[in-house]
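# Observations on the three-dimensional arrangement
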Protein chains: 4
Amino acid sequence: MKELITPCLTPFLPNGDVDFPALTSLVKKLDESGVTGIFPLGSTGVFPWLTLEEKKEIMRCVRNNTDKPVYCGVGSTSIAESIQLSVFAEDCGCEFAVLTPPYYMPPDEEGMKEFLLGVMGKSNVNFFLYNIPQFTGSRIQPALLDELIQAVPNLSGIKDSSGDMRYFSRLVSLRKDNFRVLQGQDDLLLPSLAVGGDGGVCGLSNFSDSAVRILESFLAGDVPKAAEINEHTILPLMDALNSSNFPSGYYYAYYLINRLKGGYRPPMHAPPEESAAKIRESVKSLVLSK
Amino acid sequence: MKELITPCLTPFLPNGDVDFPALTSLVKKLDESGVTGIFPLGSTGVFPWLTLEEKKEIMRCVRNNTDKPVYCGVGSTSIAESIQLSVFAEDCGCEFAVLTPPYYMPPDEEGMKEFLLGVMGKSNVNFFLYNIPQFTGSRIQPALLDELIQAVPNLSGIKDSSGDMRYFSRLVSLRKDNFRVLQGQDDLLLPSLAVGGDGGVCGLSNFSDSAVRILESFLAGDVPKAAEINEHTILPLMDALNSSNFPSGYYYAYYLINRLKGGYRPPMHAPPEESAAKIRESVKSLVLSK
Amino acid sequence: MKELITPCLTPFLPNGDVDFPALTSLVKKLDESGVTGIFPLGSTGVFPWLTLEEKKEIMRCVRNNTDKPVYCGVGSTSIAESIQLSVFAEDCGCEFAVLTPPYYMPPDEEGMKEFLLGVMGKSNVNFFLYNIPQFTGSRIQPALLDELIQAVPNLSGIKDSSGDMRYFSRLVSLRKDNFRVLQGQDDLLLPSLAVGGDGGVCGLSNFSDSAVRILESFLAGDVPKAAEINEHTILPLMDALNSSNFPSGYYYAYYLINRLKGGYRPPMHAPPEESAAKIRESVKSLVLSK
Amino acid sequence: MKELITPCLTPFLPNGDVDFPALTSLVKKLDESGVTGIFPLGSTGVFPWLTLEEKKEIMRCVRNNTDKPVYCGVGSTSIAESIQLSVFAEDCGCEFAVLTPPYYMPPDEEGMKEFLLGVMGKSNVNFFLYNIPQFTGSRIQPALLDELIQAVPNLSGIKDSSGDMRYFSRLVSLRKDNFRVLQGQDDLLLPSLAVGGDGGVCGLSNFSDSAVRILESFLAGDVPKAAEINEHTILPLMDALNSSNFPSGYYYAYYLINRLKGGYRPPMHAPPEESAAKIRESVKSLVLSK
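The present account deals with the structure reproduced in this document.

Analysis parameters
Residues numbered from 1 in each chain as written. Chains lettered and ligands numbered in written order. Predicted model: local features only at pLDDT ≥ 70, side-chain atom pairs only at ≥ 80, totals over all residues. Heavy atoms only, no water. Contact = heavy atoms within 4.5 Å. Buried area = accessible area lost by both parts, 1.4 Å probe. Salt bridge = Lys/Arg side-chain N within 4 Å of Asp/Glu carboxyl O. Polar contact = N/O pair within 3.5 Å; in protein donor to acceptor, adjacent residues only side chain to side chain. Helix = DSSP H or I, 4+ residues; strand = E, 2+ residues; numbered from the N terminus. Nonpolar A, V, L, I, M, F, W, Y, C, P; charged D, E, K, R; others polar. Least-squares fit on C-alpha atoms with pLDDT ≥ 70 in both. Buried < 20%, exposed > 50% of the residue type's maximum accessible area, 1.4 Å probe, protein only. Pairing = 2+ DSSP bridges. Right-handed = clockwise from strand over helix to strand, strands pointing away.

## Observations regarding the interface of chain D and chain C
It is common to report an interface's size as the accessible area lost on association of the parts. Taken residue by residue, the interface counts 23 residues in chain D and 23 residues in chain C. Taken over both partners, the interface formed by chain D and chain C buries close to 2000 Å², and the fraction arising from carbon and sulfur atoms is 52%. Per-residue buried area on chain D facing chain C is highest for Arg166, Arg170 and Glu231 of chain D; these three make up 29% of the total on that side. Across the salt bridge formed by Arg175 of chain C and Glu231 of chain D, the nearest N and O atoms sit 3.3 Å from each other. Counting across the interface, chain D meets chain C through 10 residue pairs in polar contact (both at pLDDT 80 or more). Secondary-structure elements contributing two or more residues to the side of chain D that touches chain C are helix H7 (165-172), helix H8 (189-194) and helix H10 (223-241) of chain D. Here the element with the most residues in the side of chain D that touches chain C is H10 of chain D; it accounts for 7 residues. Residues of the side of chain D that touches chain C, tallied by class, amount to 12 nonpolar, 5 polar and 6 charged.

## Structural notes on the relation of the copies chain C and chain A
Superposition record for chain C on chain A: RMSD 0.0 Å, screw rotation 180°, translation along axis 0.0 Å. Accordingly, the operation relating the two chain copies is best matched by a two-fold axis. Closest approach to the rotation axis among the C-alpha atoms of chain C is made by Tyr104 of chain C, whose C-alpha sits 3.4 Å away. Interface overlap between copies: 100% of the residues of chain C at the interface are likewise at the interface in chain A, consistent with a symmetric, same-surface contact.

## With respect to the interface of chain C and chain A
Contacts between chain C and chain A engage 36 residues on the former and 36 residues on the latter. Here chain C meets chain A over a buried area of about 2900 Å², counting both sides, of which 67% is carbon and sulfur. If you sort the residues of chain C by the area they bury against chain A, Trp49, Tyr104 and Met105 of chain C come out on top, with a joint share of 29%. Taken together, chain C and chain A are joined by 8 residue pairs in polar contact (both at pLDDT 80 or more). Among the elements of the structure, helix H3 (79-91), helix H4 (109-120) and helix H5 (133-136) of chain C are those that each provide at least two residues to the side of chain C that touches chain A. Tallying contributions element by element places H4 of chain C first for the side of chain C that touches chain A, with 5 residues. Grouping the amino acids of the side of chain C that touches chain A by side-chain chemistry returns 23 nonpolar, 9 polar and 4 charged.

## Quick notes on the relation of the copies chain D and chain C
It takes a turn of 180° to lay chain D on chain C, together with a shift of 0.0 Å along the axis; the resulting RMSD is 0.0 Å. Here 100% of the interface residues in chain D have copies in chain C that are interface residues too; the copies meet face to matching face.

## Re unusual backbone geometry
A cis geometry characterises the amide bond from Phe246 of chain B onward to Pro247 of chain B, with omega recorded as -5°. Positionally, Pro247 of chain B belongs in the loop between helix H10 (223-241) and helix H11 (248-257). With phi around 65°, Leu41 of chain A is a residue other than glycine that occupies positive phi space. Here Leu41 of chain A lies in the loop between strand S2 (37-38) and helix H2 (52-64). Accessibility expressed as a relative area gives 2% for Leu41 of chain A, which makes it buried. Backbone geometry at Arg259 of chain A places phi at a positive 50°, although glycine is not the residue there. Along the polypeptide, Arg259 of chain A turns up in the loop between helix H11 (248-257) and helix H12 (273-289). We classify Arg259 of chain A as exposed; its relative accessible area is 70%.

## Things to note about the pattern of salt bridges
Counted by the stated rule, this structure contains 52 salt bridges over all chains. Here Lys55 of chain A ties to Glu81 of chain A by a salt bridge, and the two come within 3.7 Å at their closest N and O atoms. A residue pair is termed long-range when its members are at least 10 positions apart, and Lys55 of chain A in helix H2 and Glu81 of chain A in helix H3 (residues 79-91) qualify at 26 residues. The same class applies to Lys55 of chain A and to Glu81 of chain A, which are both buried. The partner of Arg170 of chain C in a salt bridge is Asp239 of chain D, and the shortest N-O contact between them spans 2.7 Å. Taken together, the positions of Arg170 of chain C in helix H7 (residues 165-172) and Asp239 of chain D in helix H10 put the pair across two chains. Among the charged side chains, a salt-bridge network with shared partners connects Arg166 and Arg170 of chain A together with Asp187 and Asp239 of chain B.

## Comments concerning the arrangement of the chains
No interface is formed between chain B and chain C, the nearest pair of C-alpha atoms being 20 Å apart. At the level of C-alpha atoms, the two units chain A and chain D stay apart, their nearest approach being 20 Å.

## Things to note about the side chain of Arg265 of chain A
Mapping Arg265 of chain A onto the fold places it in the loop between H11 and H12. The class for Arg265 of chain A is buried, based on a relative accessible area of 7%. Only 2.8 Å separates the side chain of Arg265 of chain A from the side chain of Glu54 of chain A, close enough to count as a polar contact. Residues in contact with Arg265 of chain A, not counting those within four places in the same chain, are Phe12, Gly16, Asp17, Val18, Trp49, Leu50 and Glu54 of chain A together with Ile79 of chain C.

## What about the pairing of strand S7 (residues 180-183) of chain A?
Residue and element names in this part refer to chain A. Side-chain alternation along S7 places Arg180 and Leu182 on one buried face and Val181 and Gln183 on a second face that is also buried. In the sheet, strand S6 (residues 155-160) pairs with S7 via 4 bridges, with the strands oriented parallel. Opposite Gly157, over in S7, you have Arg180 as the bridge partner. The β-α-β motif built from S6, the intervening helix H7 (residues 165-172) and the parallel element S7 has right-handed crossover chirality.

Below, the structure is given as structure tokens:
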């Protein structure tokens with residue numbers, strides 16, 4: 001079975017506070033959509049811009065509004081805080097905790113291993129690792145991943161958002177029955193499925209069914225159809241959204257489509273007008289089709 | 001129709017001179033293989049380590065020993081030399097000249113455009129562009145490529161060796177009837193076909209039919225079979241070869257399989273023993289199956 | 001007047017807890033040394049590996065054990081937490097709060113500005129900015145700094161740890177009477193003084209007086225003497241310490257010199273033996289001279 | 001004795017041909033200026049954009065028009081061509097050949113060593129190495145340099161244009177009586193002198209005496225005066241010139257000051273107007289003072 005998971009946004013009010021009613025509504029909508037799981041507190045959910053208390057409240061809110069599996073981000077630079085979030089995820093019934101290597105000062109391989117083992121050993125929740133070297137400054141090397149798979153019974157998979165398909169292919173060759181390898185970039189979902197990946201965590205699925213349709217076409221054996229959706233829907237949409245500093249374009253599009261006033265927690269801010277215009281144009285078809 | 005082109009090696013004698021008998025033999029073997037074209041004087045052919053006269057002699061040698069289309073590298077930091085090589089390629093009957101943007105000091109976009117237009121305007125041969133930013137220090141931006149496609153009637157395609165599938169996907173969305181987009185990394189051939197690319201330029205095809213078999217499986221609609229060849233043949237082979245500084249592992253493997261003493265032109269040199277042992281192990285099945 | 005500030009370590013017990021008695025002792029020693037200020041909760045103090053409560057307790061401990069100016073790190077990815085730490089720094093009597101741009105997802109310039117202004121507008125403590133792009137992923141551009149200097153009356157300086165002397169020189173050309181530009185790399189202290197910088201924040205000053213002696217020689221007009229200390233004391237010491245992943249070498253040396261058992265908070269861990277041997281050798285003269 | 005060497009431009013005619021009368025005039029002017037040597041065929045002289053024949057003619061032209069030491073660039077990706085240029089440099093009486101590691105595909109350390117030794121062993125001219133990793137893709141490591149200094153009697157020095165002062169300091173600690181370490185970035189000349197470097201190769205000295213004046217102030221013991229020239233003359237001038245893609249700003253300024261029509265060899269081209277305006281403004285004082 002292949003996965004298509006939504007890294008859900010953290011909606012904000014115009015004053016920068018978390019908008020829990022909007023989050024509730026988003027989660028309920030996702031619960032009825034074609035996605036197979038919901039992932040709060042990822043990068044798209046701007047987890048580092050949030051306080052510990054906000055993170056817990058968001059976790060509870062998502063858990064309480066869906067029956068789908070919840071993959072909850074527990075990343076932090078503090079090992080104590082990552083442990084606390086993992087235990088909390090387990091306690092409130094999330095199926096998976098998604099763990100980022102520590103960022104700011106990049107650890108060496110031994111330090112990364114100690115940190116990851118230190119967190120995973122302190123709770124019984126199932127874990128996903130989250131590789132995103134462009135933000136953490138370090139990469140989970142295939143050899144280390146292999147070692148962790150052997151050593152940690154509750155390690156269930158990895159989400160790779162590096163954008164590096166050559167690296168992703170090496171991860172795929174490490175997968176096991178109970179260990180899945182997911183792609184974190186929407187525009188690499190199709191290539192990732194082609195090389196044997198287990199699915200994707202797709203930011204566009206917050207407001208578009210394009211990734212779900214790619215997966216369906218691929219599973220139906222229709223690669224050209226999947227390629228067509230990739231080329232004509234995913235690529236232009238992503239290019240418009242990413243014309244603004246990540247992930248502000250996703251927030252702008254989401255607010256627009258859901259007719260929310262919406263706000264931005266600094267350092268995130270509203271896209272500059274040139275980018276905003278591109279995004280409005282690109283989501284027109286999505287808004288109309290709602 | 002999809003392409004599978006071999007970026008052919010430049011065999012050397014132990015003293016570092018070009019080994020033309022070995023090159024002749026290699027080209028004849030490729031001519032009888034499943035590949036659709038031969039590309040001398042690419043990065044795998046270590047074109048920058050060669051003199052102008054050697055480049056011309058290699059071009060002639062390849063042209064004279066195959067009936068398949070010849071894609072001949074004409075890259076140089078000197079515009080005069082790139083023009084001279086293109087004219088020579090045309091005169092000796094190569095179907096395509098493959099042009100690299102100038103390297104060493106990375107040009108800005110306007111400078112890259114002037115250089116490329118300056119070369120392509122001086123001969124009637126058909127051109128491929130060659131994007132390999134890890135070596136040239138600059139990338140052919142999709143917007144510039146689009147402009148060049150419109151402006152240059154004899155521009156027939158691009159080979160992208162950046163390793164960046166997200167970029168490659170954007171190139172694919174620019175392709176036309178007479179403009180093809182080829183993947184330059186063997187381990188990205190399958191994902192590239194999946195998103196609609198026109199084929200690959202695959203270094204392993206100097207001594208392995210794995211890339212050809214991936215293409216055949218893909219064209220037959222058997223993506224899982226292609227994925228299996230990718231995972232179990234291409235990935236381990238590439239990882240072994242690239243354990244030595246590129247492209248020395250390819251030369252070592254080629255010499256081994258073809259029972260040649262072989263040499264290396266500085267700064268290329270024989271792989272260190274640890275890497276050599278990996279390569280010997282990884283090509284064992286290839287040698288046995290010959 | 002030139003500054004020489006110590007970015008003080010956060011000593012740990014073998015079990016990974018903060019060792020407050022050791023910190024107290026370190027601060028008292030620095031208070032009696034030739035340095036002009038103490039900077040807890042910088043990168044050398046591994047601030048991201050600590051919890052919010054630990055940060056506050058460290059701040060209090062440093063403040064209570066020195067009469068020298070305290071420059072206290074208030075960096076966080078959460079604007080709320082950076083504000084909270086700044087207010088706390090003000091309340092407990094620190095002279096300066098040292099503010100890092102948000103890390104993990106690199107902000108664009110507008111977002112960085114909003115974040116920095118948002119924090120600096122919420123307390124009356126004097127601020128230093130802290131530029132360390134190798135860890136934060138983004139650089140405080142000279143144009144933005146210039147704008148902030150004009151706009152923020154309580155902005156007193158910047159510490160640049162980028163290691164980029166060309167950039168540092170540009171910052172120096174922006175300095176004002178009440179705005180100082182400090183170098184964050186020990187081995188760039190002397191060049192920084194030469195181009196007009198206001199001093200340095202020097203990690204080695206946790207256990208060596210070499211940086212203080214460079215400053216004294218420079219102020220006495222003896223550049224060759226300063227160059228000699230730089231070449232024969234600073235460089236070999238730094239190279240030994242940095243043979244282990246930053247900043248573990250500093251901790252190992254500190255524990256050794258102060259005869260502490262000492263521990264490491266993950267992802268930091270004890271240097272591997274090869275590096276540890278280098279460090280032991282390099283600090284021999286320091287230990288003997290104590 | 002400290003050195004101040006001019007990496008001289010290669011003037012072009014509007015049609016892109018080398019302008020030998022202008023080159024002759026430039027060299028004669030430098031011969032009468034305060035610089036201690038002339039370095040044709042460096043990066044500022046756009047050596048990679050030239051043909052082999054042009055390089056030889058330029059070498060002869062410079063040699064014939066100055067009595068100062070000539071440091072002649074002999075860089076190439078082809079070892080045969082670098083050898084040929086070194087021998088030519090020796091034959092036409094240049095004091096030094098300046099050798100770049102091979103570029104395009106970055107060699108590993110062993111390959112770089114074989115290439116450099118292979119060239120330096122084939123002529124009796126004295127050699128300088130030229131470290132410029134931003135263009136060659138690889139760095140001459142201090143350990144390799146140390147090994148080469150021991151092994152090659154005719155190795156006289158290194159020019160470091162990396163812009164990395166921390167690395168430069170390590171090179172300085174390797175210098176010997178007959179081995180000099182020169183800074184290749186004008187805005188790092190002063191810091192380099194401060195840490196014990198032997199001088200600089202300064203592009204601005206093609207048309208400005210600012211670098212010479214910094215050296216004179218430093219040698220006279222007046223560091224603040226040197227810092228003032230650095231801050232108020234070198235930095236604004238470099239920032240204006242580098243607002244256009246390197247090294248086109250240097251050419252534009254040179255043509256302007258010398259009232260030449262002047263041209264650009266692709267991929268170099270005239271600065272865009274916004275940059276050109278900045279350069280005109282910045283060189284006004286230089287033009288008036290001529």
